[in-house]
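# Breakdown of the fold
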Amino acid sequence: MSATPRRWSGPVRLIHWAMAVLLVGLVALGWIMTHGRFDLGTTFTYYQWHKSFGVVALGLLAARLGFRLASRRPPDIGPAGWQRHAAHGVHLAFYGLMLALPISGWLMASASPLHLPTRPFDAFTLPDLVSPDMGVFTALSWVHALLAYGLLGLLALHVAGALKHQFVESDGVLRRMGF
Ligand code: HEM
Ligand code: HEM
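Sequence order sets the numbering: in each chain, residues are counted from 1 along the sequence as written. The naming scheme follows written order: chains are lettered A onward, ligands numbered 1 onward. Local features in this predicted model are restricted to residues whose pLDDT is 70 or higher, and side-chain atom pairs enter the listing and the counts only when it is 80 or higher, whereas totals over whole chains, interfaces and linings include all residues. To obtain the side-chain values, all non-hydrogen atoms of the structure were used and water was disregarded.

Take the overall build of the protein next. Only runs of H or I of at least four residues qualify as helices and only runs of E of at least two qualify as strands under DSSP, and these elements are numbered from the N terminus. The helix and strand inventory of the protein stands at five helices and zero strands. Listing each helix as α and each strand as β along the protein from the N terminus yields α-α-α-α-α. Referenced to the eigenvectors of the C-alpha coordinate spread, the extents of the protein come out at roughly 55 × 30 × 25 Å. Relative accessibility decides the category of a residue: with a 1.4 Å probe and only protein chains considered, values under 20% of the type maximum give buried, values over 50% give exposed, and everything between is partly exposed. Relative to its full complement of 179 residues, the protein shows a buried share of 27%.

When pLDDT is averaged across the protein, the result is 96; 99% of the residues are at 70 or more. Element-level pLDDT for the protein is lowest in helix H5 (residues 173-177), with a mean of 95, against a maximum mean of 98 in helix H1 (residues 10-35). The pLDDT value expresses, per residue, how confident the predictor is, ranging between 0 and 100.

Once that is clear, we can look at the coordination of the iron atom of ligand 2. Distances decide who is a donor: an N, O or S atom must be within 2.8 Å of the metal, or within 3.2 Å for Na, K and Ca. Water is not included, so sites may look incomplete. Note on the iron atom of ligand 2: its protein donors are His-50 (NE2) and His-144 (NE2). The metal-donor distances range over 2.0 Å. Coordination geometry of the iron atom of ligand 2: the six donor atoms subtend angles of 85 to 179° at the metal centre, consistent with an arrangement described as octahedral. Separated by 94 residues along the polypeptide, His-50 in helix H2 (residues 40-70) and His-144 in helix H4 (residues 134-169) bring together distant segments of the chain. By relative accessible area, which is 14% here, His-50 ends up buried. Take His-144: its relative accessible area is 16%, and that puts it in the buried class. Geometry is assigned from the angles between donors: four donors with all angles from 85 to 135 degrees make a tetrahedral site, four or six donors whose opposite pairs exceed 155 degrees while the rest stay between 65 and 115 make square planar or octahedral sites respectively, and everything else is labelled irregular.

At the metal site, the iron atom of ligand 1 is ligated by His-16 (NE2) and His-158 (NE2), and these contacts range over 2.0 Å. In this structure, the iron atom of ligand 1 is coordinated by six donor atoms arranged in octahedral fashion, with angles at the metal of 88 to 180°. With His-16 in helix H1 and His-158 in helix H4, this pair connects stretches of sequence that are 142 residues apart. Overall, the relative accessible area of 14% leaves His-16 in the buried class.

Another point: the site of ligand 1. In the vicinity of ligand 1 lie 19 residues, with His-16, Arg-68, Tyr-95, His-158 and Arg-176 positioned nearest. Whenever two N or O atoms come within 3.5 Å, that pair is a polar contact, provided that in protein one can donate a hydrogen and the other can accept it, and provided that, for residues adjacent in sequence, both atoms are side-chain atoms. Here an oxygen atom of ligand 1 sits 3.2 Å away from a polar atom, N or O, in the side chain of Arg-64. The separation between an oxygen atom of ligand 1 and a polar side-chain atom of Arg-68 is 2.6 Å. Broken down by secondary-structure element, the contributors of at least two residues to the shell around ligand 1 are H1, H2, helix H3 (82-111), H4 and H5. Residues are grouped as follows: Ala, Val, Leu, Ile, Met, Phe, Trp, Tyr, Cys and Pro are nonpolar; Asp, Glu, Lys and Arg are charged; every other residue, Gly included, is polar. In terms of residue class, the shell around ligand 1 is built from 13 nonpolar, three polar and three charged. Throughout this document, a residue counts as near a molecule or strand when at least one of its heavy atoms sits within 4 Å of that molecule or strand.

In structure tokens:
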């Protein structure tokens, strides 16, 4: 049996940072496309990018879960007790959001009364999960927005925890997830 690793496995580290950039970019683009004032063509293009990269996020999550479950994780470091529970809780909630966000987006795109097809990078058409319905669309757009801004709240906690590890406990936590 191999020794317990000191760092997260290469694919887990790579996907962690790729998804961090992607998710923050998706929240930013989502906010811009729904709150900015653009002509119809630009709005359409932003929505298509948002939906395409949102589908990429779902694909990366599947790969991430595979690598995460297939490789051994480094042991917990830092103070035990509530802070460790909080860190694990945030990680679990991140996984929930990384799944619920693209799925709610997909459901919303399906329920949209405009009923424009979702074609990620113009490569294929995403099948509809539900039929168009204004009420369902409105409810889902609330849920989707709430989840997305909730992700930012968790990210603030997550980054604060990482910085405390790095600079207060000086346990090199960023190296474990870094390159
Ligand atoms: C939306 C963006 C982010 C998400 C969804 C996210 C998610 C996660 C998750 C789920 C873990 C647990 C390991 C795993 O299962 O992969 C983790 C670990 C980690 N994250 Fe993030 N993260 C994000 C952004 C960041 C940022 C910006 C930093 C830098 C300050 C960071 C630093 C770390 C570190 C250092 C670990 C390793 C913790 C340890 O070794 O115990 N993350 N992250
Ligand atoms: C992790 C992935 C995703 C994140 C973080 C995200 C984030 C966001 C954010 C922040 C907004 C703006 C909410 C508001 O202020 O009203 C938004 C809107 C939207 N998202 Fe996403 N999204 C993701 C995935 C997806 C996917 C996969 C789809 C569809 C296939 C999608 C479809 C939409 C649509 C149609 C809107 C506009 C809703 C409206 O017009 O009210 N999203 N998203």
